[in-house]
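# Coordinate analysis (summary)
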Amino acid sequence: IGPFPDQNVAESLRRLPGINILNDQGEGRFVSVRGLDPNLNSSSLNGVRIPSPESAVRPVALDVISSDLIESVEVKKSLTPNMDGDTIGASIEIKTVSAFDRKKDLLSGRIEGSYNEYSGEITPKGSIDFSTRLTDDIGIAGGFSYYNRKFETDNIEAEGWDITDDGVVYADEVQYRDYDVERERISASLSLDFRASDSTELYARGVYSQFDDQEFRGRTTFKLDEEASGGDANSALFDDTDGEIEIERDMKDRFETQKVRSIVVGGKTETGPWKIEYSGSWSKSSEYENGSVDPTTFSRDFDGDGVSILFDYSDDRTPFFSYASGSALANDPGLYALEDVELTSLSDSQDEEFSTRIDVSRIFAMGNGDFTVQTGFKGRWREKSFNNDVEFYEDSTGNYTLADVLGQQTYRLTDMGPVVSRIGATDYFRDNFGDFELQDNDSQFDSAVSDYLNQEDIYAGYLLGRWDSNKLRVIGGIRFERTENVISANTVTLVEEDATFNNMVFTDDTVIVTPNSFNRSYDDWLPSLNIRFEPKRNLVFRAAAYRSVVRPNLSDLAPRFAVEQNDENTREGEFGNPDLQPYEAWNFDGAAEYYFSSNGALTANVFYKDIKNFIVDSFEENGTRFGIAFDEATIPINGPSAEVLGIEFGEAQPFTSLPSP
């Protein structure tokens, strides 16, 4: 994998059949297998499960790990009993190099560069890796990689699409975004292998990766209160005499650091027909933010001021806008007063896991093949937490406008109008901090409702039987997994002035924070059967059937209950759901593979998945959840069932017959 010109492991994976990548800013991040949600995959590094640095999800954004340090990546689309049962898409296994993988010593280095025309910057990338045997029985291998990428991107995002009675299609919110980003990635790996005896091999492997992301995002947002007043098949017209038009202009100044660390120590011992494999591991991922101004927002509401906006949807991927009237008003930076400054004083996501496993197998030689019996046990102890402290500030002087921090536009798709300076807004806020007033209720509400702690322990055992002959391999058995959760978060209620709560009338807006905790546990039995049949050399048929589970996002399980009660005593809420059940799936696969003598292959696959308890966000009215009454609420719930049926074809062919060079 290392020699390919990929920016990270995610981009390397897209070279495999049935896999596509979800990109962010022109760089691969999440991996989708067979078109399924990345949340349905599992990822491991040297056999160690990689926790997610991000607070809201389980899947790992694999842009954190440099591809330069990787020896191989395996994607397993069906499960055997000795594998963790928490995948419906695939198990992605990333491996760094071992000294015993090489026949002789290795030292290699690479220097690369790329150029981004928008930013005018050259991006450097370099790596070095080595492998050597200190003695016949001791080997050491490792590497170091550095990558610094500066780039700009321009995009347009729209939502709230609708259609008028006259057939005019429009979006009720359109955003024009200008990104200036610098990303720095540092990765290192070290591996030590030791042949303690003829029967025992031991190893220790460690990986460290750090991903720093400095993002400036300027944005002009149109929020349209009423439907389009006119237009045609390719346009929509909005006039502030028919409904309010709000225009926001903001700047995000955010710096965050993601880290992934893992250490695994283990080995294997083979004595005659017996084989024992064992390991213990630690892994930790984190995402940290401290002091980001995300964002500074200026806004103006136009209502009967003579402003009208025409959106051109002739290219619906780039809906451009122009002012049919009132352009001087809409483009006057002095009219845009500060709405608020959102300061992330702390955003700290931590995800840590310890695990240990042992596998014992015995081979029984028979006349026309070998039969292996294998059993094993594994324990995983995981703790994921998120601590978020956000502060909202407003201008106490009433004099702060966009004109005070006017910036230079680098947006190339269209004229965004006056924009906020990249660093000017942050500098103004810090230099004039005494002019800003902290909004206590908003700050306390958003901070308290984000925090959670989820402890997840998984205990697993399995029994496996394997038959191997010249033409046939059959692997079958059953796995048992027990999951235990202890989850803590807050119920946060914002009671507005004059509202009645707990038989009391409140004279001021008040935030009430109540800690809560839930315990839960459940068991899963996961049978599986895999068959590989090779009737003749280079022609292989495969079939698999297995049951698997994918546990809910740890953040969705957190009992984070946010309720806002207004002065009319209407209660609106957003809820986590500690009662969520895991996805449960029966999976069936069939495959035919033909291998060319020149190391190429043709593959064809068909797959079917019957999934229960898939998770969706639900909007509910006039109900009660976890003892909390509401008039309207959103909550993640388990849906009944879903089915996935698909086919995939692949061809891999090295072009060794091409002429020189």
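Residues numbered from 1 in each chain as written. Predicted model: local features only at pLDDT ≥ 70, side-chain atom pairs only at ≥ 80, totals over all residues. Heavy atoms only, no water.

In terms of helices and strands, the chain carries 5 helices and 34 strands. Expected size for 661 residues packed as a compact globule is a radius of gyration near 26 Å; at 29 Å, the chain falls within 12% of this value. Along the first, second and third principal axes, the C-alpha set of the chain runs to 90 × 70 × 50 Å. When contacts within the chain are restricted to residue pairs at least 6 apart in sequence, long-range pairs at least 24 apart make up 72% of them. Looking at the chain as shown, the accessible area adds up to about 30300 Å², and 49% of this sits on carbon and sulfur atoms. (Helix = DSSP H or I, 4+ residues; strand = E, 2+ residues; numbered from the N terminus. Rg over C-alpha atoms; globule rule 2.2 N^0.38 Å. Contact = heavy atoms within 4.5 Å. Areas by Shrake-Rupley, 256 points an atom, 1.4 Å probe, with all protein chains shown as cover.)

Bringing a nonpolar patch on the surface into the picture now. Together, F364, M366, V373, L463, I478 and W525 make up an exposed nonpolar region whose accessible area comes to about 560 Å². For L463, the position within the fold is in strand β22 (residues 452-468). Look at L463 and you get partly exposed, because its relative accessible area is 49%. (Patch = residues over 30% accessible without salt bridge, like charges linked within 9 Å, V, L, I, M, F, W, Y side chains within 5 Å. Salt bridge = Lys/Arg side-chain N within 4 Å of Asp/Glu carboxyl O. Buried < 20%, exposed > 50% of the residue type's maximum accessible area, 1.4 Å probe, protein only.)

Moving on, we get to unusual backbone geometry. Glycine aside, a negative phi is what most residues show, and trans is what most peptide bonds show. The omega torsion of the bond from D294 to P295 falls at -5°, within 30 degrees of zero and hence cis. Structurally, the position occupied by P295 is in strand β16 (residues 292-302). Put simply, S660 and P661 share a cis peptide bond, and its omega is 5°. Examined against the element boundaries, P661 turns out to sit in the segment after β34 (641-652). Phi angles above zero are rare outside glycine, and N613 is one such case at about 65°.

Grouped together as the largest cluster of nonpolar side chains are 40 residues, with contacts concentrated most on Y176, I247, I309 and F311. Here this core gets 4 residues from one element, more than from any other, and that element is strand β10 (residues 169-195). For I309, the residues in contact, after removing those within four places along its chain, are F222, A236, L237, F238, I245, I247, F321, S322, Y323 and A324. If you look at the next biggest cluster of nonpolar residues, it comprises 21 residues, including L13, V33, L62 and V73. (Core = buried A, V, L, I, M, F, W, Y, C linked by side-chain atoms within 4.5 Å.)

Another point: the confidence of the model for the chain. Of the residues in the chain, 100% reach a pLDDT of 70 or more, and the chain-wide mean stands at 93. When mean pLDDT is compared element by element in the chain, strand β27 (residues 539-550) scores highest at 97, while helix α1 (residues 9-13) scores lowest at 85. (pLDDT = per-residue confidence, 0-100.)

Once that is clear, we can look at the packing of aromatic side chains. In this structure the tally under the stated criterion is 28 aromatic pairs. Here the aromatic rings of F222 and F311 are separated by 5.7 Å at their centres, their planes lie at 85°, and the arrangement is edge-to-face. In this pair, F222 is assigned in strand β11 (residues 200-224) and F311 in strand β17 (residues 308-312), connecting sequence segments 89 residues apart. Using a relative accessible area of 0% as the deciding quantity, one classes F222 as buried. Look at Y428 and F436: their rings are 6.4 Å apart centre to centre, the planes differ by 90°, and that puts the pair in the edge-to-face class. Y428 gets classed as partly exposed once you look at its relative accessible area, which sits at 22%. Linked through ring pairs, W161, Y170, Y176, F222, F238, F311, Y313, F321 and Y323 together constitute an aromatic cluster. (Phe/Tyr/Trp six-rings, centres within 6.5 Å; stacked < 30°, edge-to-face > 60°.)

Structurally, N388 can be placed in strand β20 (residues 369-395). Judged by relative accessible area, which is 12%, N388 ranks as buried. There is a polar contact of 3.4 Å between the side chain of N388 and the side chain of S450. Look past the residues within four positions of N388 in its chain and what remains in contact with it is T344, L346, S347, D446, S447, S450 and D451. (Polar contact = N/O pair within 3.5 Å; in protein donor to acceptor, adjacent residues only side chain to side chain.)

Before going further, it helps to examine helix α3 (residues 424-431). Those residues of α3 that sit buried are G424, A425, T426 and F429. Here the buried face of α3 lies against β14 (245-271), β16, β19 (337-366), β20 and β21 (436-438).

Time to look at the side chain of N454. In this fold, N454 is placed in strand β22. You can call N454 buried: its relative accessible area is 0%. Here N485 takes part through its side chain, which lies 3.2 Å from a polar atom of the side chain of N454. Within polar-contact distance, the side chain of N454 engages the backbone oxygen of L554 at 3.4 Å.

With mixed pairing, the 4 strands of this open sheet are ordered in space as β4-β3-β6-β5. Two strands lie at the open edges of the sheet, namely β4 (48-49) and β5 (70-76), each paired on one side alone. Note that β5 and strand β6 (residues 91-96) share 6 bridges and pair antiparallel. Within β6, the position partnered with S72 by the bridge is K95. (Pairing = 2+ DSSP bridges.)

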